[in-house]
4 protein chains.
Amino acid sequence: MSKKAHHPSHSVVSRERITDQDELGLERLIFFSDAVFAIAITLLALDLRLPSGGGSPSNAQLLAQLLEIWPKYLAYLVSFLAIGTFWLGHHRRFRFIRRYDRGLLTFNLLFLMVIAFIPFPTSVISESGNRTATIFYALTMILGGLMLAALWWHASWHHRLTDPGLDARQARRQFVPMLLTVALFVMSIGLAFLNESLARFSWLLVVPISRFGQRG
Amino acid sequence: MSKKAHHPSHSVVSRERITDQDELGLERLIFFSDAVFAIAITLLALDLRLPSGGGSPSNAQLLAQLLEIWPKYLAYLVSFLAIGTFWLGHHRRFRFIRRYDRGLLTFNLLFLMVIAFIPFPTSVISESGNRTATIFYALTMILGGLMLAALWWHASWHHRLTDPGLDARQARRQFVPMLLTVALFVMSIGLAFLNESLARFSWLLVVPISRFGQRG
Amino acid sequence: MSKKAHHPSHSVVSRERITDQDELGLERLIFFSDAVFAIAITLLALDLRLPSGGGSPSNAQLLAQLLEIWPKYLAYLVSFLAIGTFWLGHHRRFRFIRRYDRGLLTFNLLFLMVIAFIPFPTSVISESGNRTATIFYALTMILGGLMLAALWWHASWHHRLTDPGLDARQARRQFVPMLLTVALFVMSIGLAFLNESLARFSWLLVVPISRFGQRG
Amino acid sequence: MSKKAHHPSHSVVSRERITDQDELGLERLIFFSDAVFAIAITLLALDLRLPSGGGSPSNAQLLAQLLEIWPKYLAYLVSFLAIGTFWLGHHRRFRFIRRYDRGLLTFNLLFLMVIAFIPFPTSVISESGNRTATIFYALTMILGGLMLAALWWHASWHHRLTDPGLDARQARRQFVPMLLTVALFVMSIGLAFLNESLARFSWLLVVPISRFGQRG
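Residues numbered from 1 in each chain as written. Chains lettered and ligands numbered in written order. Predicted model: local features only at pLDDT ≥ 70, side-chain atom pairs only at ≥ 80, totals over all residues. Heavy atoms only, no water.

(A) Just the overall build of chain A, in detail. Scanning chain A for helices and strands turns up ten helices and zero strands. Among the 216 residues that make up chain A, the fraction classed as buried is 60%. Here the analysis covers contacts within chain A between residues at least 6 apart in sequence; of these, 73% occur between residues at least 24 apart. Of the roughly 8,900 Å² that chain A leaves accessible, carbon and sulfur atoms contribute 65%. (Helix = DSSP H or I, 4+ residues; strand = E, 2+ residues; numbered from the N terminus. Buried < 20%, exposed > 50% of the residue type's maximum accessible area, 1.4 Å probe, protein only. Contact = heavy atoms within 4.5 Å. Areas by Shrake-Rupley, 256 points an atom, 1.4 Å probe, with all protein chains shown as cover.)

This is the structure in structure tokens:
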């Protein structure tokens with residue numbers, strides 16, 4: 001009964017009410033985040049465009065154009081998986097979060113700022129696959145991973161906002177996939193100096209890596 | 001009481017809580033999907049543009065321009081119906097889904113990747129109505145249908161994630177409209193070698209076909 | 001207890017469950033619609049663009065450019081109010097809707113197809129304020145009004161999907177603002193042959209008109 | 001029990017039902033607003049574009065291009081924080097709102113019209129950092145702050161729509177951060193006549209200012 005914490009500052013309004021409102025507030029926060037994720041992930045497709053040529057192409061010409069832009073498809077795929085993985089990570093951590101405070105709102109907003117930014121490096125890398133583009137992309141992902149880690153650190157530190165039933169080891173284990181993801185992208189920056197393509201293909205490891213430490 | 005399954009891995013947190021959270025998690029999944037559907041369907045309109053000509057056109061010129069882009073209206077209509085039909089299919093299947101697991105999250109994400117992709121082939125086909133564009137469009141729809149079928153197969157296999165009250169025949173029957181839709185688009189690829197317009201008009205059959213096996 | 005209708009076709013699943021799911025289904029429908037409204041209304045702003053000129057303008061030049069595009073601001077304002085009014089109309093009618101069927105899903109989808117289309121005539125009219133643009137815009141709004149009327153007719157006919165407590169007079173009264181809105185836009189087409197600006201300013205009447213018959 | 005107000009005009013439908021529907025209606029309003037916020041905040045990234053140059057740039061050229069557009073990053077950051085702050089302000093005020101009426105719907109719609117408009121002045125200021133652009137941006141923010149203040153005034157006046165437990169002092173205190181924000185942007189217009197950069201950097205004060213009067 002007394003499990004749920006209250007914002008002590010709003011004591012004028014009856015406690016029960018506020019608790020309901022707190023849950024509504026947390027729901028709004030999650031909802032708003034989901035909407036930003038959904039929009040960012042769908043906007044990725046706006047970058048899929050044929051090279052604007054004059055006139056109506058023949059069947060063979062159009063086929064050539066469709067095949068020619070394969071780096072755009074790859075960029076779409078990688079960024080879709082990346083935003084999807086971030087969404088899953090957000091999803092999984094918020095399963096254990098029961099309350100919110102201004103710090104959580106702020107960290108969440110900064111994290112979303114990175115998510116909404118992702119279509120830009122995606123666009124850059126689909127235009128030009130060189131080393132600068134590769135590093136720019138990797139840096140964005142590193143920032144995203146660090147923001148999510150900061151959010152979780154803020155929320156889980158001494159059970160500040162998490163479920164009291166969540167044990168400390170489980171809370172710490174949540175950092176593993178995030179830090180592995182950050183490490184992967186840091187490493188890919190090194191790889192980019194050897195071979196840009198290799199660096200970019202290494203990013204597909206984000207999918208298996210994001211599972212580490214989640215089960216059992 | 002024991003009808004609902006739990007994620008056994010999170011046994012530290014009290015059972016009741018987790019069940020609530022599971023429902024919240026499923027809601028977030030559905031919500032996120034709906035948002036992607038809604039954005040993809042609304043972005044279709046971004047492709048409606050007049051040919052950029054200089055100066056201010058006369059009444060007759062503007063009318064001619066508005067009529068001239070009829071393939072864009074047709075593409076908008078067909079893709080709106082297609083995404084709408086996919087949404088209805090998703091909607092209908094998730095009525096029977098009670099739980100989620102990582103597999104469902106992954107299949108759902110892949111399915112959404114196709115949905116968010118649809119504005120691109122729509123844009124291609126509204127620019128150029130040739131055979132290549134027609135086949136490209138049909139292939140996208142086939143992929144979408146197969147993804148939804150894979151999602152449902154994953155969810156309904158041995159009642160993995162579905163309501164226990166859903167009988168096996170009813171579960172299997174859900175495949176009928178999806179496979180008919182896939183068959184329709186496969187067939188339209190054949191038609192495209194005879195007549196592109198015929199192929200594209202055949203797509204309007206997606207609306208009646210998607211109803212098969214739904215009632216009674 | 002027996003107030004709520006069921007989809008008789010799904011009798012295998014326990015009744016209670018299905019009723020819950022029906023409410024969830026109706027929520028998803030409303031949610032999906034709201035998302036389409038929100039996206040369409042926000043995309044209106046994408047059309048606000050300065051004429052792309054070379055170099056960096058002076059303070060006076062930029063001010064002139066910002067003032068020069070006043071028809072775009074007007075179009076933004078009118079379409080924002082129009083989509084907002086349609087949203088309010090949708091909102092108000094769905095307060096009385098308790099169930100859904102395939103007909104409602106279809107009418108709703110067709111209605112949303114018009115809503116998502118609105119940014120296009122808005123863009124046309126903000127580029128060129130001539131008679132053709134004015135009529136094209138008005139026709140879109142007429143179609144939207146008729147679709148919403150069809151949706152409400154489908155839902156409220158013999159209490160098919162509405163609350164049993166809604167009396168017939170109240171149900172019929174809901175048609176008044178929709179039909180007045182349609183009449184306004186029909187009339188504005190006539191006005192457009194006299195004076196395009198007059199026709200467009202008449203649209204601002206949509207705000208007071210949409211209130212008719214709502215209270216008391 | 002009698003705490004919640006009803007729309008007296010809909011007395012035909014049973015009271016209990018309408019109350020539930022009222023809450024649903026308020027939820028839809030909040031949801032719709034959140035979606036508009038989320039879309040507007042994510043659309044900001046659409047403005048991040050490299051200067052379209054021919055051919056594939058070298059590593060050094062691309063790096064130069066990425067650095068060259070720093071005013072776009074700054075504009076993205078400032079507008080993300082501004083929309084985020086408006087969202088928090090909306091969020092915080094709606095925690096105390098229990099009912100809605102047509103006035104609230106209208107003020108909310110006008111407020112959202114400003115929010116959805118923000119990407120435009122953001123785009124203007126990221127193209128050209130001169131005084132006119134600075135003032136145009138500040139005026140938009142002032143309008144947003146005034147709209148939110150009007151909304152709160154409408155809702156909290158004599159507890160029209162707010163929780164009865166909210167005391168008058170607390171209600172009035174909600175105006176403080178909004179009016180300080182408005183004052184900040186008014187002041188920045190004055191600063192813009194001295195130094196445009198100074199004016200724009202002063203906007204970062206919006207983050208600490210928005211906290212005033214919120215706690216204790």
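(B) Region of the structure containing the interface of chain D and chain C. Each partner contributes residues to the interface: chain D has 36 residues there, and chain C has 49 residues. When chain D packs against chain C, close to 4,000 Å² is buried across both sides, 66% of that on carbon and sulfur atoms. Counting across the interface, chain D meets chain C through one salt bridge. Salt-bridge contacts for Asp34 of chain C lead to Arg28 of chain D; the nearest nitrogen and oxygen are separated by 2.5 Å. Joining chain D to chain C, the criterion identifies eleven residue pairs in polar contact (both at pLDDT 80 or more). When contributions to the side of chain D that touches chain C are tallied by element, the ones reaching two or more residues are α1 (15-43), α4 (102-117), α5 (119-127) and α6 (131-156) of chain D. Considering every element that reaches the side of chain D that touches chain C, the biggest residue donor is α1 of chain D, with 14 residues. (Buried area = accessible area lost by both parts, 1.4 Å probe. Salt bridge = Lys/Arg side-chain N within 4 Å of Asp/Glu carboxyl O. Polar contact = N/O pair within 3.5 Å; in protein donor to acceptor, adjacent residues only side chain to side chain.)

(C) Examining the environment of Ile125 of chain D more closely. Residues and elements named next belong to chain D. With respect to the element layout, Ile125 can be found in helix α5. The buried category is assigned to Ile125, whose relative accessible area is 7%. For the pair Ile125 and Ile135, spaced ten residues apart in the sequence, the C-alpha separation amounts to 9.5 Å. Sequence-distant contacts of Ile125, defined by excluding residues within four places in its chain, comprise Ala75, Ala133, Thr134, Tyr137, Arg200 and Trp203.

(D) Structural context of helix α8 (residues 175-194) of chain B. Here α8 of chain B spans 29 Å end to end across 20 residues, near enough to the 28 Å set by a 1.5 Å rise per residue. Taken as a whole, α8 of chain B has its buried residues at Phe175, Pro177, Met178, Thr181, Val182, Leu184, Phe185, Ser188, Ile189, Leu191 and Ala192 of chain B. (Expected span 1.5 Å × (residues − 1).)

(E) Region of the structure containing the interface of chain C and chain B. With 36 residues of chain C in contact, the opposing surface of chain B contributes 48 residues. At the boundary of chain C with chain B, total buried surface from both sides reaches about 4,000 Å², with 66% on carbon and sulfur atoms. Our count for the contact surface shared by chain C and chain B stands at ten residue pairs in polar contact (both at pLDDT 80 or more). With 14 residues, helix α1 (residues 15-43) of chain C is the single largest residue contributor to the side of chain C that touches chain B. Considered class by class, the residues forming the side of chain C that touches chain B number 23 nonpolar, eight polar and five charged. (Nonpolar A, V, L, I, M, F, W, Y, C, P; charged D, E, K, R; others polar.)

(F) Structural view of the relation of the copies chain C and chain B. Screw-axis analysis of chain C against chain B gives a translation of 0.0 Å along the axis, an RMSD of 0.0 Å, and a rotation angle of 90°. The operation mapping one copy onto its partner corresponds to a four-fold rotation axis. A low fraction, 14%, of the interface residues of chain C reappear at the interface in chain B, so the copies pair through non-equivalent surfaces. (Least-squares fit on C-alpha atoms with pLDDT ≥ 70 in both.)

(G) Molecular detail of the packing of aromatic side chains. The full count for this structure, using the stated rule, is 58 aromatic pairs over all chains. Ring geometry for Phe117 of chain C and Phe120 of chain C: centres 5.8 Å apart, planes at 70°, overall edge-to-face. Each of the two residues, Phe117 of chain C as well as Phe120 of chain C, counts as buried. Ring centres of Tyr137 of chain D and Trp203 of chain D lie 4.6 Å apart, and the angle between their planes is 20°; on these two criteria the pair is classed as stacked. Taken together, the residues span a long stretch of sequence, with Tyr137 of chain D in helix α6 and Trp203 of chain D in the loop between α9 (196-202) and α10 (206-209) at a distance of 66 residues. Like Tyr137 of chain D, the residue Trp203 of chain D is buried in the burial classification. Grouped by ring-pair contacts, the aromatic residues Tyr73, Tyr76 and Phe80 of chain A together with Phe117, Phe120 and Phe136 of chain B constitute a single cluster. (Phe/Tyr/Trp six-rings, centres within 6.5 Å; stacked < 30°, edge-to-face > 60°.)

(H) How the structure looks around the environment of Ser52 of chain A. All names here are of chain A. Checked against the element boundaries, Ser52 lands in the loop between α1 (15-43) and α2 (59-68). Since its relative accessible area comes to 78%, Ser52 is described here as exposed. In the structure, Ser52 is positioned 13 residues away from Gln65 in sequence and 9.8 Å away in space, judged by C-alpha atoms.

(I) Main features of a nonpolar patch on the surface. Residues and elements named next belong to chain A. A surface patch of nonpolar side chains, about 250 Å² in accessible area, is lined by Leu77, Phe201 and Leu204. By the secondary structure assignment, Leu204 is in the loop between α9 (196-202) and α10 (206-209). A relative accessible area of 34% means that Leu204 is categorised as partly exposed. (Patch = residues over 30% accessible without salt bridge, like charges linked within 9 Å, V, L, I, M, F, W, Y side chains within 5 Å.)

(J) Local environment of the packing of helix α3 (residues 70-94) of chain B against helix α4 (residues 102-117) of chain C. Interhelical geometry of α3 of chain B versus α4 of chain C gives an angle of 140° and a closest axis separation of 11 Å. Relative to α4 of chain C, the element α3 of chain B lies oblique. Crossing of α3 of chain B over α4 of chain C shows right-handed handedness. Contacts between α3 of chain B and α4 of chain C pair Tyr73, Tyr76, Leu77, Phe80, Leu81, Gly84, Trp87, Leu88 and Arg92 of chain B from the former with Arg102, Leu105, Leu109, Leu112, Met113, Ala116 and Phe117 of chain C from the latter. (Axes fitted to C-alpha atoms, helices over the stretch in contact; angles between N-to-C directions. Parallel < 35°, antiparallel > 145°, perpendicular 65-115°, else oblique. Left-handed = near helix turned anticlockwise from the far one by under 90°.)

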